[in-house]
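These are the residues of each chain, in order.
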Amino acid sequence: MQVLRSEGLTPPRFQKILLSVMADIFRLTERPNPDVFYTRGDRNDPRLGDLVGREEKDFDSADIVILGCPQDEGVRRSGGREGAAGAPEAIRRQFYRLTTFNVNNRVFDLGDVRIGDTLEETHATHCEVAKTVLDAGKRLIVLGGGGDISYPDGMAMAEVFGAENWIAVNVDSHIDVRSDEPRNSGTQYRQLLEEGHLDPKYFYEVGFQSHFCSPVYYDYIRKLGVHRISLELLRSRAGADTEIKEQVRLNFIKHSSGISAFFGFDMSAVRAADAPGASAPSPLGLRAGEFIQLVKYAASLANTKLIEFTEVNPNFDHDDRTTKLVAIGMHRFCSGVAV
């Protein structure tokens, strides 16, 4: 779509092609389950289920788009516990029960990426949909599914904004740079780095725990010059977002409005007491309040284009604590972003 803008097409011609591209993203996705759109039927107490658009006609006017990727093939390949495929719908059920308080942006639910016969096919479809949404000037909230979707999301960022014009922040207890074959939920950032989609000096590993990290893979990112902010380093400051703010700030100052940001939140980064329904839970991790603080920081950056929440496993989510936490994070993003 960027090419279309540069060719000087007449408005009617451009509109015709635009409508064709929009039709493609609806062909590549499945509409969200209408049952998730909660309503109290009370005009004095509207909920997000009353507010968020879900019809194709609502896409054009949206500021923020929600997209699900209901698969956990990458988790299965890496030997993790399956169940993340059910996360997008489970998260939506909690999100649409929340109130519209301070949500002034127009939000649209595009539904879920059509799942292919292989993870590679699903990633290709996911990337095409994400590119179209980003190139249309929307901000994108992606609901996994496995953390492997950071690969197609990162590819979309690189292709729309340029490989050297985006910052990636991986908030996770793991660093996800395995050299495994085939690809899985631990290889995504190595793929982005080695294929040239992500500049290591614009990559931030945040909240990782040393006991979950291979010394070999840690040395790999260290030698590349990747920014490394461990859970311990986050905890050494008064606020969980203080350290990342300081490290990210200089890159934005240098590039002004020319650099965009991506935040990937793997819910395994949050301690099991607050997020029991994760693919790889741990007794240590971010507290719920710290997690929300980081999401709010992502929302505060003018150029945050894509935020994803991954590795939620509803099968183990006692009292829906994890899906509720993600839903609140989505609410804080939608209410905190200035569009």
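Located above this text is the structure these notes cover.
Attention here is on the structure that accompanies the text. Numbers given for residues are sequential positions, taken from 1 along each chain in its written order. Note on the predicted model: pLDDT of at least 70 is required for a residue's local features to be given, and 80 or more for side-chain atom pairs to be given and counted; whole-chain, interface and lining totals, by contrast, use all residues. Side-chain metrics rest on all non-hydrogen atoms present in the structure, leaving aside hydrogens and water.

1. Quick word on the sheet that holds strand 2 (residues 64–69)
Phase 1: Taken in spatial order, the nine strands make up an open sheet running 1-3-2-4-9-8-5-6-7, and their pairing is mixed. If you trace the sheet from one side to the other, it starts and ends with strand 1 (29–30) and strand 7 (227–230), each paired once.
Phase 2: Here, any two strands with at least 2 DSSP bridges between them count as paired. Segments assigned H or I by DSSP are reported as helices when at least four residues long, segments assigned E as strands when at least two residues long, and all are numbered from the N terminus. The pairing of strand 8 (residues 260–266) with strand 9 (residues 304–310) spans six bridges and is parallel. Note on strand 9: the bridge partner recorded for Phe-262 is Leu-306.
Phase 3: Of the strands in this sheet, strand 2, strand 3 (107–113), strand 4 (139–144) and strand 9 touch helix 13 (residues 321–336), which is tilted by about 175 degrees from strand 9. Whether two residues touch is decided by their heavy atoms; if any such pair falls within 4.5 Å, the residues are in contact. Only the stretch in contact is used when a helix axis is fitted, and all axes are lines through C-alpha atoms; the angle between N-to-C directions ranges over 0 to 180 degrees.

2. Section: the environment of His-331
Phase 1: Tracing the backbone through its elements, the reader meets His-331 in helix 13.
Phase 2: Think of it in three bands: with a 1.4 Å probe and only protein chains considered, a residue is buried below 20% of the maximum accessible area for its type, exposed above 50%, and partly exposed in between. Classification of His-331 as buried rests on a relative accessible area of 8%.
Phase 3: In this structure, the C-alpha to C-alpha distance between His-331 and Lys-296, residues 35 residues apart in sequence, is 9.7 Å.
Phase 4: Each residue touching His-331, except ones within four places of it in the same chain, is listed here: Leu-48, Phe-95, Leu-98, Thr-99, Phe-101 and Val-103.

3. Some thoughts on empty space enclosed by the protein
Phase 1: For each structure, a 1 Å grid was placed over the protein atoms alone; sets of points admitting a 1.4 Å probe that cannot get out are labelled cavities, open sets with protein on both sides within 12 Å along at least five of seven lines are labelled pockets, and lining residues have an atom within 4 Å of a point. Grid points are joined across faces, edges and corners, and a volume is the space filled by probe spheres set on the points. Inspection of the entire model under this criterion finds one cavity of 30 Å³ or more.
Phase 2: Gly-147, Ser-150, Asn-170, Asp-176, Gln-188, Tyr-189, Gly-264, Phe-265, Asp-266, Glu-308 and Thr-310 together form the lining of the largest cavity.
Phase 3: Elements supplying a minimum of two residues to the lining of the largest cavity: helix 8 (188–194), strand 8 and strand 9.
Phase 4: With three residues, the single largest contributor to the lining of the largest cavity is strand 8.
Phase 5: For the lining of the largest cavity, the per-class residue count stands at two nonpolar, six polar and three charged. Residue polarity is assigned by list, with Asp, Glu, Lys and Arg as charged and Ala, Val, Leu, Ile, Met, Phe, Trp, Tyr, Cys and Pro as nonpolar; anything else, Gly included, falls into the polar class.

4. Remarks on the packing of helix 12 (residues 288–300) against helix 13
Phase 1: One way to put it is that helix 12 packs onto helix 13 with a least axis distance of 8 Å and a crossing angle of 30 degrees. Relative to helix 13, helix 12 is oriented roughly parallel. Crossing angle aside, the handedness with which helix 12 passes helix 13 is right-handed. Across the interface between the two elements, Ala-288, Phe-291, Ile-292, Val-295, Lys-296, Ala-298 and Ala-299 from helix 12 touch Leu-325, Ile-328, Gly-329, Arg-332, Phe-333 and Gly-336 from helix 13.
Phase 2: Its residues assigned to classes, the contact of helix 12 with helix 13 comprises nine nonpolar, two polar and two charged. Angles below 35 degrees are treated as roughly parallel, those above 145 as roughly antiparallel, those between 65 and 115 as roughly perpendicular, and all remaining angles as oblique. Should the near helix be turned anticlockwise from the far one by less than a right angle, the crossing is left-handed, and should it be turned clockwise, the crossing is right-handed.

5. Concerning the pattern of salt bridges
Phase 1: By salt bridge we mean one thing: a side-chain nitrogen of Lys or Arg within 4 Å of a carboxyl oxygen of Asp or Glu. Across all of its chains, the model carries 21 salt bridges by this definition.
Phase 2: The closest approach of N and O atoms between Glu-30 and Arg-114, which form a salt bridge, is 3.1 Å. A residue pair is termed long-range when its members are at least 10 positions apart, and Glu-30 in strand 1 and Arg-114 in the loop between strand 3 and helix 6 (119–135) qualify at 84 residues.
Phase 3: For Glu-30, a relative accessible area of 42% gives the class partly exposed.
Phase 4: Assessed through its relative accessible area of 37%, Arg-114 is described here as partly exposed.
Phase 5: One salt bridge connects Glu-128 with Lys-131, and the closest N-O pair in it is separated by 3.0 Å. Note that Glu-128 and Lys-131 are positioned in helix 6 at a spacing of three residues, about one turn of the helix.
Phase 6: Overall, Lys-131 belongs to the buried group, its relative accessible area being 17%.
Phase 7: One continuous salt-bridge network, built from bridges that share partners, spans Glu-73, Arg-76, Arg-77, Glu-120 and Arg-183.

6. Regarding the pairing of strand 5 (residues 166–171)
A regular strand places its side chains on the two faces of the sheet in alternate fashion.
Phase 1: With six of six residues buried, strand 5 is to be regarded as a mostly interior element.
Phase 2: Residues Trp-166, Ala-168 and Asn-170 of strand 5 are buried on one face, and the alternating residues Ile-167, Val-169 and Val-171, pointing to the opposite face, are buried as well.
Phase 3: Note that strand 5 and strand 8 share six bridges and pair parallel. When the bridges of strand 8 are listed, Val-169 appears paired with Phe-263.
Phase 4: Where strand 5 and strand 6 (residues 203–208) come together, four bridges link them in parallel fashion. Directly across from Asn-170, in strand 6, lies its bridge partner Glu-205.

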